[in-house]
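Summary of the model geometry
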Amino acid sequence: MAACKSVGKRWKSRIELYVILLAILSLLTFLYSLDYLNTISNSMSIHTLPTKQRSFSHKFRGSDYVFNARNPKILAEDKFVVHYTTGGGLFNSSGKIVDVHANMTTSLVYSFSPMVENKVARMFPDPAKQNVFYANSPAVTWYKNELIAILRIWLEEERYDKPEKRPYNFFHDNYFYMQKFDQHLNPITNGSILGIPSPKSESFGDGPIEPRIFKVNNKLLVTYNTAVHFPGQLVMDYTLIWDFANSEITVPNITNGGVKPTRWGMPRDKHWAAFTLDGVLHFVHNLDPLRILRCPTKATCSFIYKGDSAQDIKFPDFKYHLRGGTPFEHYDGPYYMAVAHGTFFKQSNSRRKYSTHIVVLHVKPFRIVYISDDIQVSPDIMEGVPIVRHQYIEDAFIFPVGLIIEDDDTFYLGVHVNDYSAVLLRIRGLRMLMRRVIDLDKSRRTVTGPPRGTLQQFLLDSVSRTSGILLKGS
């Protein structure tokens, strides 16, 4: 009898333990679902973000501001974290009127390299193994709860200017690679080469380059540029539009001016920065002077704003430092943001220097409101890979093409590093920067943008100051 009681007590104790464990598990699940779990940090400032999406409401100077999270959260750790204070300029019709500073944090959350390069190398029939593959220009966006990435695949040995060094198995210079990812940045598709036909030429590089991906009325579009010929053997490095769902190409026709193709040389009409306004596709064709294209159809575009009177537009390298990068994404009211790039030439040896900048655009009326100083990135990222075009560039750089705004404080930047590798950066601190910019701009009651050339000069001075390098034009 005593033995039976002893056994009964042991079973009772086990049942009580199971009940307690089940209660603890239920409580943890409940707290996790409410997003109450604390962010996990380690000594290297690596964080894991909570999963639940929310609307963020903040009050500034007595006015309510609500940012609705439109994209899933990316659940990936921060690596190579850099904390810094960014500077920048706020502009009105008289030029730069005030400096705007904010604390920012930049980190690496994912590297597409070398996974993509290794995958692509197995797609090309090259038993001689003479081709060298680089994955760069990672354009990214969320679409139907999947992160879509389109990268440029550059075959470095397919050099049109050195035919004697061409490999035995000769391909186009460039292709696009597409792959889908989940919130944890795990691949959910195998990855494939997009079948975008492009002209072949013996006198210049061929194939699509520098993709930008964006949505218009929930339709996925990709812009890129490549060299194309027009009637009369006229040629231009031009921006084209790829319909992702229908696999169709559009060569846009600008009805009222623009860059003109020529018989000789290679005029460039590239780095268009897409945005959607009133449900219609628009492009920032150029930042300074500011030019805005409206495209009611992909095939037909017209300038609806021009900060200059030129009909035949040209892009002088030594004067037009500020150039497009990512598409513009809507932030709040009439304010949009993008990340642009700067191109400069060093006084000492004429080699190129690149930079990367947050740009704030106001619509209706159109004007550039703010430009930041160069975005800072960990030296471990910048100097961790070689510079491919070292004969032209000697300073490490990132080049932006992809932008995702996750919430009012965090955005992601798809960049390539030194032409060598493609990565995804996470940048925090956007909330305070944008609120300062927006509040200051509203308080000035500005209606027109800065005089032509103001932004180009600001960028030149900013990069010269922050880098300590003498640049042509400064």
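Pairing in this open sheet of four strands is antiparallel, and the strands run 7-8-9-10 from one edge to the other. A single partner strand is all that each edge strand has here, and the edge strands are strand 7 (133-143) and strand 10 (192-194). Taking the axes of each pair of neighbouring strands and ignoring which way they run, one obtains an average angle of 30 degrees across the sheet. Note that strand 9 (residues 174-181) and strand 10 share three bridges and pair antiparallel.

The next thing to look at is the sheet that holds strand 17 (residues 273-277). Reading across from one edge, 15-20-19-18-17 is the order of the five strands in this open sheet, with mixed pairing throughout. Unpaired on one side and paired on the other, strand 15 (253-254) and strand 17 mark the two borders of the sheet. Here strand 17 runs beside strand 18 (residues 280-287); their pairing, made up of five bridges, is antiparallel. Following the sheet pairing, Thr276 is matched in strand 18 by Leu281.

Right, let's get into the packing of aromatic side chains. Within this structure, the stated rule accounts for 18 aromatic pairs. Measuring from centroid to centroid gives 5.0 Å for Tyr110 and Phe112, while their planes differ by 80 degrees, and the two rings are edge-to-face. Phe112 carries the same exposure label as Tyr110, and that label is buried. Members of the aromatic cluster, connected to one another through ring pairs, are Phe214, Phe230, Tyr238, Trp272 and Phe283. Here the basic side chain of Lys306 rests over the ring of Phe303, its NZ or CZ set 5.2 Å away from the ring centre. Over the aromatic face of Tyr392 sits the side chain of Arg352, whose NZ or CZ is 5.7 Å from the ring centroid.

Next up on the list: unusual backbone geometry. Omega for the peptide link from Asp288 to Pro289 comes to 0 degrees, which places this bond in the cis form. Position of Pro289 among the secondary structure elements: in the loop between strand 18 and strand 19 (290-297). Of note in the backbone geometry, Ser137 takes a positive phi value of approximately 50 degrees without being a glycine. Relative to the elements of secondary structure, Ser137 occurs in strand 7. Even without being glycine, Asn218 reaches a positive phi, approximately 65 degrees. One can find Asn218 in the loop between strand 11 (209-216) and strand 12 (219-230). Classification of Asn218 as exposed rests on a relative accessible area of 52%.

The next subject is the pattern of salt bridges. Enumeration over the complete set of coordinates arrives at 23 salt bridges. As a salt-bridge pair, Lys73 and Glu406 come within 3.9 Å of each other at their nearest N and O atoms. Here the residue Lys73 occupies a position in the loop between strand 2 (63-68) and strand 3 (79-86), and Glu406 occupies one in the loop between strand 26 (398-405) and strand 27 (410-417), the gap between them amounting to 333 residues. Judged by relative accessible area, which is 8%, Lys73 ranks as buried. Residue class for Glu406 comes out buried when judged on its relative accessible area of 2%. Between Asp441 and Arg367 there is a salt bridge; the shortest N-O distance is 2.8 Å. Note that Asp441 is positioned in helix 4 (residues 430-444) and Arg367 in strand 25 (residues 367-372), a separation of 74 residues in sequence. Asp441 gets classed as buried once you look at its relative accessible area, which sits at 1%. For Arg367, a relative accessible area of 3% translates into the label buried. Through salt bridges with shared partners, a single network forms among Glu210, Arg212, Asp237 and Lys270.

For helix 4, spanning 15 residues, the distance from its first C-alpha to its last is 21 Å, which sits close to the expected 21 Å at 1.5 Å a residue. Among all positions of helix 4, only Leu430, Leu433, Met434, Arg435, Val437, Ile438, Asp439, Leu440 and Asp441 are buried. Once helix 4 finishes, Arg445 follows within two positions and takes phi at roughly 55 degrees, a positive value.

For helix 5 (residues 454-467), spanning 14 residues, the distance from its first C-alpha to its last is 20 Å, which sits close to the expected 20 Å at 1.5 Å a residue. Burial in helix 5 covers these residues: Leu455, Gln456, Phe458, Leu459, Leu460, Ser462, Val463 and Ser464. Looking at the residues trailing helix 5, positive phi occurs at Gly468, about 70 degrees.

Thresholds, definitions, all that
- Residues numbered from 1 in each chain as written.
- Predicted model: local features only at pLDDT ≥ 70, side-chain atom pairs only at ≥ 80, totals over all residues.
- Heavy atoms only, no water.
- Pairing = 2+ DSSP bridges.
- Helix = DSSP H or I, 4+ residues; strand = E, 2+ residues; numbered from the N terminus.
- Axes fitted to C-alpha atoms, helices over the stretch in contact; angles between N-to-C directions.
- Phe/Tyr/Trp six-rings, centres within 6.5 Å; stacked < 30°, edge-to-face > 60°.
- Buried < 20%, exposed > 50% of the residue type's maximum accessible area, 1.4 Å probe, protein only.
- Lys NZ or Arg CZ within 6 Å of the ring centre and 35° of its normal.
- Salt bridge = Lys/Arg side-chain N within 4 Å of Asp/Glu carboxyl O.
- Expected span 1.5 Å × (residues − 1).

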